[in-house]
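Listed below are the residues making up each chain.
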Amino acid sequence: MAKKIKKALITGITGQDGSYLAEFLLKKGYMVYGLIRRSSSFNTSRIDHIYQDQHEKDVRLRLIYGDLNDASSLNRIVKQIKPDEIYNLGAQSHVRVSFDIPEYTAEITALGTTRLLEAIRDSGLKTKFYQASSSEMFGNAADNPQSEKTMLYPRSPYGAAKVYSYWMAVNYREAYGMFCCNGILFNHESPRRGETFVTRKITMALARIKHGVQKYLYLGNLDAQRDWGFAGDYVEAMWLMLQQKKPDDYVIATGETYSVKDFLKEAFGYAGLDWKKYVKFDKRYLRPTEIDCLIGDSSKARKVLKWKPKVDFKGLVHMMVDADMKLVEQELYGTKGKTE
């Protein structure tokens, strides 16, 4: 008897986490469906390489149009696909931008989760659900480090929207017996991180400065401290949560904290430059309310899921610098890179 192929639906598949998760699940033998919005530009650059690697007779990654703002599309997709697992990674995920568009952030990041949970409940399927929760929910929490028992104190519309989604997942688990897990992920980066996020903004600017096409890098608060890990490591934890016998919530983090200034020092130092000569302060990048320090206690995930991060801070920074150096070289000199 042939082994049943598991089906997974990923919202936010074209994002950093979605692309790494899609790769991970495909290697596990899954049939992967990715929810994408219809827009004027086709933003699939992070997953194009997966598409290209597929054979016509073995297409296991399929993109399907839908929107977290459209309940009817979510209901239709869940009933049509009948996924074994759903990973809700879709969101308006930029913290600073959430202050500018708080209503839209709530509509997608908060209510979008409710629409998806309702679609599962209405379908009657035993679908396992992963909710991408965030360390931003902790905000100015009293505990340091932060664990699953830490009181939530969000400091942004994004953080508040994620708190709403977190509690909705818990409520659907307790009220309807649904298999819902919250992965409370601390900052996780990679060469696929969006260029508006501070880590990628730093490594991309560094590469351009090194190649003489940019003079300065403008940043806000350099003293903010974060627990930074590699996104490729963190998607494994998402999957592990849905393989457990009982649904639960888990903090995923490295347990180490570094400031934006530390990231600058490591990145510029690796490229042989003094960051102080190129970085300038711009108050426009400050948040109305700042979080000074986030550091996660992932001891529960390490014990129950047997998960631990593989890439350390220095390795992460070097990986991102190397990738963006190569990217800028390709932009300047073509696919062959720089020739001596």
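What counts as what
Residues numbered from 1 in each chain as written. Predicted model: local features only at pLDDT ≥ 70, side-chain atom pairs only at ≥ 80, totals over all residues. Heavy atoms only, no water. Axes fitted to C-alpha atoms, helices over the stretch in contact; angles between N-to-C directions. Helix = DSSP H or I, 4+ residues; strand = E, 2+ residues; numbered from the N terminus. Parallel < 35°, antiparallel > 145°, perpendicular 65-115°, else oblique. Left-handed = near helix turned anticlockwise from the far one by under 90°. Contact = heavy atoms within 4.5 Å. Nonpolar A, V, L, I, M, F, W, Y, C, P; charged D, E, K, R; others polar. Core = buried A, V, L, I, M, F, W, Y, C linked by side-chain atoms within 4.5 Å. Buried < 20%, exposed > 50% of the residue type's maximum accessible area, 1.4 Å probe, protein only. Expected span 1.5 Å × (residues − 1). Patch = residues over 30% accessible without salt bridge, like charges linked within 9 Å, V, L, I, M, F, W, Y side chains within 5 Å. Areas by Shrake-Rupley, 256 points an atom, 1.4 Å probe, with all protein chains shown as cover. Salt bridge = Lys/Arg side-chain N within 4 Å of Asp/Glu carboxyl O. Pairing = 2+ DSSP bridges. Phe/Tyr/Trp six-rings, centres within 6.5 Å; stacked < 30°, edge-to-face > 60°.

Visitor: Now, about the packing of helix H7 (residues 198–210) against helix H9 (residues 260–270): what can you tell me, with residues and values included?
Guide: Here H7 crosses H9 at 30°, and the two axes come no closer than 10 Å. As summarised for this structure, H7 and H9 are arranged roughly parallel, according to the angle between their axes. Crossing of H7 against H9: the hand is right-handed. Mapping the contact onto sequence places Val198, Thr199, Ile202, Thr203, Leu206 and Ile209 in H7 and Val260, Phe263, Leu264, Ala267 and Phe268 in H9. Across the contact of H7 with H9, the residue classes tally to nine nonpolar, two polar and no charged.

Visitor: Please provide a residue-by-residue account of the side chain of Asp324, values included.
Guide: Relative to the assigned elements, Asp324 resides in helix H11 (residues 313–333). With sequence-adjacent residues up to four places away left out, Asp324 is seen in contact with Arg200, Thr203, Met204 and Ala207.

Visitor: Would you mind going over the nonpolar core in detail, with residue names and values included?
Guide: Membership of the largest hydrophobic core comes to 64 residues, with the highest contact counts inside it found for Leu25 and Tyr87. Examining the composition of this core, we find that eight residues originate from one element, helix H8 (residues 231–241), more than from any other. Those residues within four positions of Leu25 in sequence are excluded, and the remaining contacts are Ala8, Ile10, Tyr30, Val32, Tyr87 and Trp239. Formed by 22 residues, the second largest nonpolar core is a distinct cluster that contains Leu35, Leu74, Ala119 and Ile120.

Visitor: Describe the packing of H7 against H11, and please don't skip the residues or the numbers.
Guide: Put simply, H7 and H11 touch, their axes get as near as 8 Å, and they point 50° apart. By the angle between their directions, the pair H7 and H11 is classed as oblique. Crossing of H7 over H11 shows right-handed handedness. Contacts between H7 and H11 pair Thr199, Arg200, Thr203, Met204, Leu206, Ala207, Arg208 and Lys210 from the former with Met320, Val321, Asp324, Met325, Leu327, Val328 and Glu331 from the latter. Its residues assigned to classes, the contact of H7 with H11 shows eight nonpolar, two polar and five charged.

Visitor: Any details on H11? Residues and values, ideally.
Guide: In this model, H11 (21 residues) spans 30 Å end to end at C-alpha, consistent with the 30 Å of a helix rising 1.5 Å per residue. Those residues of H11 lying buried are Phe313, Leu316, Val317, His318, Met320, Val321, Asp324, Met325 and Val328. In this fold, the buried residues of H11 make contact with strand E7 (188–189), H7, strand E10 (229–230), strand E12 (258–259) and H9. Among the residues trailing H11, Gly334 stands out with phi positive, at a value near 90°.

Visitor: Provide a residue-level description of a nonpolar patch on the surface, including the pertinent values.
Guide: Nonpolar side chains collect at one region of the surface, where Val97, Ile101 and Tyr104 lie side by side and expose about 220 Å² of accessible area between them. With respect to the helices, strands and loops of the structure, Val97 is situated in helix H4 (residues 95–100).

Visitor: So what's going on with the sheet that holds strand E11 (residues 249–252)? Residues and values would help.
Guide: As summarised here, the arrangement of the seven strands in space is E3-E2-E1-E4-E5-E6-E11, forming an open sheet in which the pairing is parallel. The outermost strands of the open sheet, each flanked by one partner alone, are strand E3 (61–65) and E11. Going from strand to strand, the sheet's axes swing by 20° on average, the running direction of each strand aside. Where strand E2 (residues 31–36) and E3 come together, five bridges link them in parallel fashion. Residue pairing across strands places Leu35 opposite Ile64, the latter belonging to E3. Contacts between helix H3 (residues 71–81) and the sheet are confined to strand E1 (7–11), E2, E3 and strand E4 (85–88), with E3 contributing the most and set at about 150° to the helix.

Visitor: Any chance you could break down the packing of aromatic side chains for me, citing the residues and the numbers?
Guide: Counting across every chain of the model gives twelve aromatic pairs. Between Tyr87 and Tyr130, the ring centres sit 6.0 Å apart and the planes meet at 40°, which makes this aromatic pair tilted. Taken together, the positions of Tyr87 in strand E4 and Tyr130 in strand E5 (residues 128–134) put the pair 43 residues apart, joining distant regions of the chain. We classify Tyr130 as buried; its relative accessible area is 0%. Here the aromatic rings of Phe268 and Tyr278 are separated by 6.1 Å at their centres, their planes lie at 25°, and the arrangement is stacked. Taken as a pair, Phe268 in helix H9 and Tyr278 in the loop between H9 and strand E13 (279–281) lie far apart in primary sequence, ten residues in all.

Visitor: Tell me about the environment of Ala91, residues and numbers included.
Guide: Among the structural elements, Ala91 can be located in the loop between E4 and H4. Overall, the relative accessible area of 28% leaves Ala91 in the partly exposed class. The contacts of Ala91, once residues within four sequence positions are left out, are Leu68, Ile108, Thr109 and Lys162.

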